[in-house]
Amino acid sequence: MIDVINLEKHFGDNKVLRGINITIDKGDIVVVIGPSGSGKSTFLRCLNCMEDPTGGQIIFNGVDIADMKVDINVHRRHMGMVFQHFNLFNNKTVIQNIMLAPVYLACQDLRRLKRKNAWIRLTNLFKGGKAKKELLPIKTDKAAIKAAARENALSLLKKIGLEDKADVYPSTLSGGQKQRVAIIRSLAMNPDVILFDEPTSALDPEMVGEVLDLMKALAGEGMTMIIVTHEMGFAKEVANKVIFMDEGTILESAPPAEFFGAPKHPRLKEFLSKVLV
Amino acid sequence: MGNFPQKVDRFIESFIAQNGYVRVLEGLKNTLFIAVLGLIIGILIGTLIAAVRVIPKYKTLPRVLNGFCSFYVGLFRGTPIVVQLLVFYYVMLPLMGIRMTGVAVSVLVFGLNSGAYISEIMRSGILSVDLGQMEAGRAVGLSFGTTMMKIVIPQAVKNILPTLGNEFIALIKETSVVSFVGAADLYVAFNYMGSNTYEFMVPYLVMAVIYILLVLIISLGIKLMERSLRKSDRRH
């Protein structure tokens, strides 16, 4: 589903990514680990062009989204992202946070469709009986879009057990609750893949569990996920591919059993010996 | 000060019996009209400029727009408001062959002028909103402009409301120079009453009191507005 070919990123003279190659298939759960400064977060942020790559290609569903000419907003709809600091919209209630993008973007598509139809109607005035074009079908309206998004949002909230928090502002939620809302906010777009940028690093140890449980549930449902994390236990248990990055390159990529059981690269051995005491 | 009561009597007579209050009300209306409309125009222009100035500048168009906005802000912050009024009324409009009343020109100039100041206020407001808010909006597929309008600017406005209130108060007080282009504001009304009776002391005193009352009422309004905008915060 995602083909990363020779991805490079540098900030000025500082080369952060030096040619990353990886293929991610549908249903894959890829965990990226590595020391800080190794470029793993930058790699993740390049995948949805939050940072514009300076070289290489990212083929997502057949389109090279690293190309600056591509309308990245269209592709980001299919690529959720979860941040270390949650980044819930502070001026919106929980349910508004979840509904905002689906409703806005669906209404935007609806407006575009209506505009196209208006144009067809106008040009039809100057055409003969047979040359007239058919109008594009419009199946929905604003109220229906809103109702559907609301229903979806409520069922997602129910799934994480926060349906009673639907109408509160994010500032009243705990860290773990915020992160779970952030995860279902990206789920509400029905993405093909979700990128997790250290989703548990800013949480109390007590709250890490609830977020990881939700992520495990998602993995169980077959969601494609790419996760940058320091949670080795989670990587061992859930991932089907673990990647070790250092100094902007992938040093090792293997299934978790092999990755943790029989690491090959000396840098990875050193890293694991320090982390897994 | 011995004849102060007589001066007050004189003022009351000219205020009520000689229809001075009609002029004062007219002046008050013009003052508020210029300040409020100027502020609205200023907020629109200021928000637009601030948004342009925070667009990432990889491409040519944002760079050109940014240059233009810097020029605009520099121009309007670099000249006194009286000079701008005079230049618009006596230079620009005749050159373009447009006829406008003094009040209309004042609204235009005060709008353009406060737009330059508000753009900087608004920019600091936008920069005060965590970058993560913009990233989160972009990550779900909203465009830069949509995220700005729906997420960042509402939060920015909340942060800058006290400063914006300051700007409105300054604007109200600055309108006292619009008589330069023949607009009849509060100052004109009281000045007229003073010249009629050859007594300026009481009219100008009353004028000062009216300005203070205006500002107090506005500060109260801002306070109430701030409170309602702070709903999503824990700081009540």
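Residues numbered from 1 in each chain as written. Chains lettered and ligands numbered in written order. Predicted model: local features only at pLDDT ≥ 70, side-chain atom pairs only at ≥ 80, totals over all residues. Heavy atoms only, no water.

A.B. asks: Looking at this structure, I do not really get the overall build of chain A. What am I missing?
C.D. replies: If you tally the helices and strands in chain A, you get nine helices and 10 strands. Overall, chain A is about 75 × 45 × 35 Å in size when its C-alpha atoms are taken along their principal axes. Across the 277 residues that make up chain A, the buried fraction comes to 51%. For chain A, restricting intrachain contacts to residue pairs at least 6 apart in sequence, the fraction spanning at least 24 positions comes to 67%. (Helix = DSSP H or I, 4+ residues; strand = E, 2+ residues; numbered from the N terminus. Buried < 20%, exposed > 50% of the residue type's maximum accessible area, 1.4 Å probe, protein only. Contact = heavy atoms within 4.5 Å.)

A.B. asks: Hey, could you run me through the environment of V211 of chain A in this one?
C.D. replies: All names here are of chain A. One can find V211 in helix α6 (residues 205–220). The spacing of V211 and P263 is 52 residues in sequence and 28 Å in space, taken between C-alpha atoms. Discounting chain neighbours no more than four positions away, the residues touching V211 are G176, Q179, R180, I183, T200 and L203.

A.B. asks: What should I look at first to understand the sheet that holds strand β2 (residues 14–24) of chain A in this one?
C.D. replies: What links the strands of a sheet is backbone hydrogen bonding, and the strands pair in either a parallel or an antiparallel sense. All names here are of chain A. Read from one edge to the other, the open sheet built from four strands follows the order β2-β1-β4-β5, with strand pairing classed as antiparallel. Strands with a single pairing partner mark the edges of an open sheet, and in this sheet they are β2 and β5 (63–64). Sheet topology note: the strand β1 (residues 2–11)/strand β4 (residues 55–60) ladder contains five bridges and is antiparallel. Paired with I2 across the two strands is F60, which belongs to β4. Sheet strands in contact with helix α1 (residues 40–47) are β1, β2 and β4, and its direction is about 120° off that of β1. (Pairing = 2+ DSSP bridges. Axes fitted to C-alpha atoms, helices over the stretch in contact; angles between N-to-C directions.)

A.B. asks: Quick question: what am I supposed to make of empty space enclosed by the protein here?
C.D. replies: Where empty space is left in the structure can be found by rolling a water-sized probe over the atoms. One pass over the full model with this rule turns up one cavity of 30 Å³ or more. Here the largest cavity is characterised by a volume of approximately 30 Å³. In terms of lining, the largest cavity is formed by G80, M81, F83, R185 and S186 of chain A together with A136, A139 and V140 of chain B. Breaking the lining of the largest cavity down by element, the ones donating at least two residues are β6 (79–82) and α5 (175–187) of chain A together with α6 (131–139) of chain B. Partitioned by chemical class, the residues of the lining of the largest cavity number five nonpolar, two polar and one charged. (1 Å grid on protein atoms, 1.4 Å probe; cavity = no way out; pocket = protein on both sides within 12 Å on 5 of 7 lines; lining within 4 Å. Points joined across faces, edges and corners; volume = space filled by probe spheres on them. Nonpolar A, V, L, I, M, F, W, Y, C, P; charged D, E, K, R; others polar.)

A.B. asks: Hey, could you run me through the packing of aromatic side chains in this one?
C.D. replies: What characterises a pair of aromatic rings is the spacing of the ring centres plus the angle enclosed by the ring planes. All names here are of chain B. Applying the stated rule across the entire model yields eight aromatic pairs over all chains. On the numbers, 4.9 Å between centres and 90° between planes, the contact of Y89 with Y90 is edge-to-face. For Y89, a relative accessible area of 26% translates into the label partly exposed. Chaining the aromatic ring pairs together yields one cluster made of F11, F15 and Y21. (Phe/Tyr/Trp six-rings, centres within 6.5 Å; stacked < 30°, edge-to-face > 60°.)

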